[in-house]
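Now for the letters of each chain:
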Amino acid sequence: MKLCRYGAPGQEQPGLIDADGRLRSLAGHADITPETLGPDALARIAAIDPASLPLVEGSPRYGVPVSGTRKFIAIGLNYADHAAESNLPIPAEPVVFNKWVSCLQGPNDPVVIPRDSQKTDWEVELGVVIGTRAEYVSVEDALSHVAGYCVINDVSERHWQIERGATWDKGKGFPTFGPVGPWLVTSDEVGDPQNLSMWCAVNGKRVQDGNTRTMIFTVAEIIAYCSQFMTLEPGDIITTGTPPGVGMGQKPEPWYLKAGDVVTLGIEKLGEQRQDFVAWTPRG
């Protein structure tokens, strides 16, 4: 299934994308929340005949496909060729950091470049949505805790990430730096998460082309690893690293995003995103 939440910010309604790519309303049946991500709840949604659900007319905004996320966990340097372009060694263990849940937003909402930023960057990444609680799980059992997958742009401000102290978190969680969606695609429809092609373009120029099969640590390994020192809960989102081609790695010189740039990105089976990058302005 392709599950989503659509509508104005703060007023999103649950939806389902049918086999013909049409948006249908799940209102009155189930919302897409941590409580509906377990296998039994997803099976009840799957049992609904999509043809019985009302069609949603027009082109509504998509929000984050799951509400109530409590942790937004990220993995760095998880593609060997991206580590190389960053001039960093391949990590012996997953590099784990946080993106604040306050940065979560819809997949096509504008992204605000932080005040005085010089190094705002793009990163297409595979997102994993946890469906059932995971503590000390094995690699072999890890994927059974996944509700589904989604597209994420791990927007990053490299100056704050790299040059302002030892923790990456500071450059990763600015407001609007977490576009997620358009859909949560359930595990049964995705199949093997280690064989998905992915891409990103800036102003129409393709800058990233990759595949999840070149991850250093697989989705299962990431879940098992993280579950050793945190409780993964339903609704938690893990973004799993980016292939090469980010602005920081461009040759002969790095280049970064500015107001007016448009970033598009997508992952096989999971849909596409589009963001206009805009200048920061004081809130009224």
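What counts, and where the lines are drawn
Residues numbered from 1 in each chain as written. Predicted model: local features only at pLDDT ≥ 70, side-chain atom pairs only at ≥ 80, totals over all residues. Heavy atoms only, no water. Helix = DSSP H or I, 4+ residues; strand = E, 2+ residues; numbered from the N terminus. Rg over C-alpha atoms; globule rule 2.2 N^0.38 Å. Buried < 20%, exposed > 50% of the residue type's maximum accessible area, 1.4 Å probe, protein only. Contact = heavy atoms within 4.5 Å. Areas by Shrake-Rupley, 256 points an atom, 1.4 Å probe, with all protein chains shown as cover. Lys, Arg positive; Asp, Glu negative; His and termini not counted. Charge placed at Lys NZ, Arg CZ, Asp CG, Glu CD. Pairing = 2+ DSSP bridges. Axes fitted to C-alpha atoms, helices over the stretch in contact; angles between N-to-C directions. Phe/Tyr/Trp six-rings, centres within 6.5 Å; stacked < 30°, edge-to-face > 60°. Lys NZ or Arg CZ within 6 Å of the ring centre and 35° of its normal.

The subject of this paragraph is the overall build of the chain. From N to C terminus, the chain includes six helices and 18 strands. At 18 Å, the chain has a C-alpha radius of gyration in line with the 19 Å of a compact globule built from 284 residues. Referenced to the eigenvectors of the C-alpha coordinate spread, the extents of the chain come out at roughly 55 × 45 × 35 Å. Expressed as a percentage of its 284 residues, the buried residues of the chain come to 56%. Partitioning the intrachain contacts of the chain with sequence separation of at least 6 by distance along the chain shows that 75% fall at a separation of at least 24. Of the accessible surface of the chain, which amounts to about 12,200 Å², a share of 53% is contributed by carbon and sulfur atoms. In the chain, 24 positive and 35 negative side-chain charges are present, and the distance between their average locations comes to 5 Å.

Bridge count between strand β7 (residues 111–113) and strand β18 (residues 271–279): three bridges; the pairing is parallel. Bridged to I113 within β18 is A279. The pairing of strand β17 (residues 262–267) with β18 spans six bridges and is antiparallel. Considered in β18, the bridge of V262 is made with D276. In textbook terms, the turn of a hairpin is the stretch between consecutive antiparallel strands, and for β17 and β18 this stretch comprises three residues, one of which, K269, has a positive phi near 75°.

Here nine strands make up an open sheet; going across it, the order is β3-β2-β1-β13-β10-β9-β16-β4-β5 and the pairing mixed. Either end of the sheet is taken by a strand with one partner, and the two such strands are β3 (23–25) and β5 (95–98). Across this sheet, the average inter-strand angle for adjacent strands is 30°, counted without regard to direction. Sheet topology places strand β9 (residues 124–130) next to strand β16 (residues 237–239); three bridges connect them, and they run antiparallel. Looking across to β16, one finds that V129 is bridged to I237.

What follows concerns the packing of aromatic side chains. Here the structure, examined in full by the defined rule, presents five aromatic pairs. Where F174 meets F177, the ring centres are 5.3 Å apart and the plane angle is 55°; that geometry is what we call tilted. Neither F174 nor F177 differs from the other in exposure class; each is buried. With centroids separated by 5.4 Å and ring planes inclined at 80°, the aromatic side chains of Y225 and F229 adopt a geometry described as edge-to-face. A relative accessible area of 25% means that Y225 is categorised as partly exposed. Classification of F229 as partly exposed rests on a relative accessible area of 48%. Ring pairing ties together the aromatic residues W160, F174 and F177, which thus form one cluster. For R164, the ring lying beneath its charged end belongs to W160, and the centroid distance is 3.9 Å.

This brings us to helix α6 (residues 219–226). For α6, the buried fraction is high: six of the eight residues fall into the buried class. Every buried residue of α6 is accounted for by V219, A220, I222, I223, A224 and C226. Taken together, the buried residues of α6 touch β4 (72–76), β5, β9, α3 (139–142), β10 (146–153) and β16.

The strand order β7-β18-β17-β14-β15 describes an open sheet built from five strands, whose pairing is mixed. Looking at which strands have only one partner, the edges of the open sheet turn out to be β7 and β15 (205–211). Within this sheet the neighbouring strands show an average axis-to-axis angle of 20°, counted without direction.

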